[in-house]
Amino acid sequence: MASIFNAMNKQLIPMERFNRDSQVVFFTGAGISAESGISTFRDPDGHWSKHDPMKLASQTGFQENPVMVLNWYADRREAIQKAKPNAAHRTISNFQKLFSNSVVITQNVDGLHERAGNRSIYELHGNIHRHKCNSCGTMIELAKRKMRIINRCACGGGVRPDVVWFGESLPLGTINAAFEAVQRCDLMFSIGTSAQVYPAAQLPVEAQSQGAFVIEINPEPTPFSHLADISVRQEAGLIMPQLYEEFHAQLK
Ligand code: NAD
Ligand code: ZN
């Protein structure tokens, strides 16, 4: 489908509503890292087309076969370490120089926002590079060579990646801070998310209903597309630099 943002209809963005003090949220999902070569989950070649999520990303899966789970995460971690932030991640850093009141709320666990120099990042689903005790939650530093074996915390609990698994709650302080940022934002970019995983998927809906202008960027339509003020059906790495040029040129 053709983009609905192009040289002919830039005027769809009501630039007069924004200035350098506007509150801006960049809400991102796995799609923003797709152009860095990191698999998404729900696309046809994503992780969940090849693996059973309940075996790899759940408490039951970890109890049944911890080594398989640890190996899957170690493989993903190594792929992520070789990958680099792409133009979309880097453009968010440029936008954050323009809008000093801006935050990044991400469902990604890859740490690419931080590596691209983005700031004020809320990681709703944790970070694949950190580990914690599965029983008491203590953060645990692991050497790379120990990441594929079962390690124990001082309390006896097994050590696992610090990511949110199916059926688990999101970190409370982070999700609360994310909702607060969304409730006061003037502008949201919802980038590369299938808008299906709750409560994260509620964030663009919340932004829209409190009056923010929401720009969705995703080559495919999502359940949120019909609510977005603009739905740009293109790759984030392609369109984010163009959107930045537009804001940079026109912002008061
Ligand atoms: P998802 O896999 O459900 O959806 C990805 C979306 O990105 C799809 O709608 C797809 O059309 C879109 N997309 C693909 N290529 C794109 C591109 N170049 N530009 C813009 N959009 C593109 O991912 P989600 O919505 O983030 O689902 C949430 C779950 O996925 C979270 O739990 C998150 O932790 C997890 N996840 C994270 C990573 C990562 O850290 N990179 C990778 C896979 C999954
Ligand atoms: Zn412990």
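Here the structure is shown first, and the text comes after it.
Thresholds, definitions, all that
- Residues numbered from 1 in each chain as written.
- Chains lettered and ligands numbered in written order.
- Predicted model: local features only at pLDDT ≥ 70, side-chain atom pairs only at ≥ 80, totals over all residues.
- Heavy atoms only, no water.
- Salt bridge = Lys/Arg side-chain N within 4 Å of Asp/Glu carboxyl O.
- Helix = DSSP H or I, 4+ residues; strand = E, 2+ residues; numbered from the N terminus.
- Buried < 20%, exposed > 50% of the residue type's maximum accessible area, 1.4 Å probe, protein only.
- Donors = N, O, S within 2.8 Å, 3.2 Å for Na, K, Ca; no water.
- Tetrahedral: all angles 85-135°; square planar, octahedral: opposite > 155°, others 65-115°.
- Near = heavy atom within 4 Å.
- Polar contact = N/O pair within 3.5 Å; in protein donor to acceptor, adjacent residues only side chain to side chain.
- Areas by Shrake-Rupley, 256 points an atom, 1.4 Å probe, with all protein chains shown as cover.
- Nonpolar A, V, L, I, M, F, W, Y, C, P; charged D, E, K, R; others polar.
- Domains from an automatic or database assignment.
- Core = buried A, V, L, I, M, F, W, Y, C linked by side-chain atoms within 4.5 Å.
- Contact = heavy atoms within 4.5 Å.
- Pairing = 2+ DSSP bridges.
- Axes fitted to C-alpha atoms, helices over the stretch in contact; angles between N-to-C directions.

1. Digging into the pattern of salt bridges
Next, step 1: Applying the stated criterion to the full structure yields seven salt bridges.
Next, step 2: With a closest N to O distance of 3.6 Å, Lys-55 and Asp-52 form a salt bridge.
Next, step 3: Its salt-bridge partner being Lys-132, residue Asp-162 comes within 3.5 Å of it at the nearest N-O pair. Here Lys-132 lies in strand 4 (residues 126-133) and Asp-162 lies in strand 6 (residues 159-163), a separation of 30 residues in the sequence. By the burial criterion, Asp-162 is buried, and Lys-132 matches it.

2. Some words on the coordination of the zinc ion (ligand 2)
Each pair of donors in an ideal four-coordinate tetrahedral metal site encloses 109.5 degrees, whereas pairs in an ideal six-coordinate octahedral site enclose 90 or 180 degrees.
Next, step 1: Within the first shell, the zinc ion (ligand 2) binds the protein through Cys-133 (SG), Cys-136 (SG), Cys-153 (SG) and Cys-155 (SG), at distances of 2.2 to 2.4 Å.
Next, step 2: If you look at the zinc ion (ligand 2), its four donor atoms make angles of 101 to 118° with each other, and the shape they trace is tetrahedral.
Next, step 3: The motif formed by the donor residues of the zinc ion (ligand 2), counted along the single chain, is C-x2-C-x16-C-x1-C. Linking Cys-133 in strand 4 with Cys-153 in the loop between strand 5 (139-140) and strand 6, this pair joins segments that are 20 residues apart in sequence. Neither Cys-133 nor Cys-153 differs from the other in exposure class; each is buried.

3. Comments concerning the site of ligand 1
Next, step 1: Around ligand 1, 28 residues are found, and the nearest of them are Phe-41, Gln-107, Asp-110, Ser-194 and Asn-218.
Next, step 2: A distance of 2.8 Å separates an oxygen atom of ligand 1 from a polar side-chain atom of His-125.
Next, step 3: Contacts to ligand 1 include Ala-236, whose backbone N or O atom sits 2.9 Å from a nitrogen atom.
Next, step 4: Contact with the protein chains hides 93% of the accessible area of ligand 1, taken as 860 Å² for the molecule alone.
Next, step 5: Looking at the shell around ligand 1, its residues break down into nine nonpolar, 12 polar and seven charged.
Next, step 6: Of the domains in this structure, domain 1 (1-38 + 85-125 + 170-252) and domain 2 (42-82 + 136-163) are the two that each give at least three residues to the shell around ligand 1.

4. Quick look at the nonpolar core
Next, step 1: Within the largest apolar cluster, 27 residues are counted, with the highest numbers of intra-cluster contacts made by Phe-95, Phe-189, Ile-215, Ile-217, Met-240 and Phe-247.
Next, step 2: Looking at this core, the elements that each hand over two or more residues are strand 1 (24-28), helix 5 (87-98), strand 7 (187-191), strand 8 (213-217), strand 9 (230-232) and helix 9 (236-250).
Next, step 3: Counting residues per element, this core draws most heavily on helix 9, which supplies six residues.
Next, step 4: Apart from residues no more than four positions distant in its own chain, Ile-217 is found in contact with Phe-189, Ser-190, Ile-191, Gly-192, Val-232, Gln-234, Glu-235, Ala-236, Ile-239, Met-240 and Leu-243.
Next, step 5: Counting 21 residues, the second-largest nonpolar core is a separate cluster that includes Val-25, Leu-170, Ile-175 and Ala-181.

5. Some details on the sheet that holds strand 4
Next, step 1: Taken in spatial order, the three strands make up an open sheet running 5-4-6, and their pairing is antiparallel. Looking at which strands have only one partner, the edges of the open sheet turn out to be strand 5 and strand 6.
Next, step 2: Of the strands in this sheet, strand 4 and strand 6 are in contact with helix 4 (residues 66-82), which crosses strand 4 at around 140°.

These values are about where atoms sit, not about what they do.
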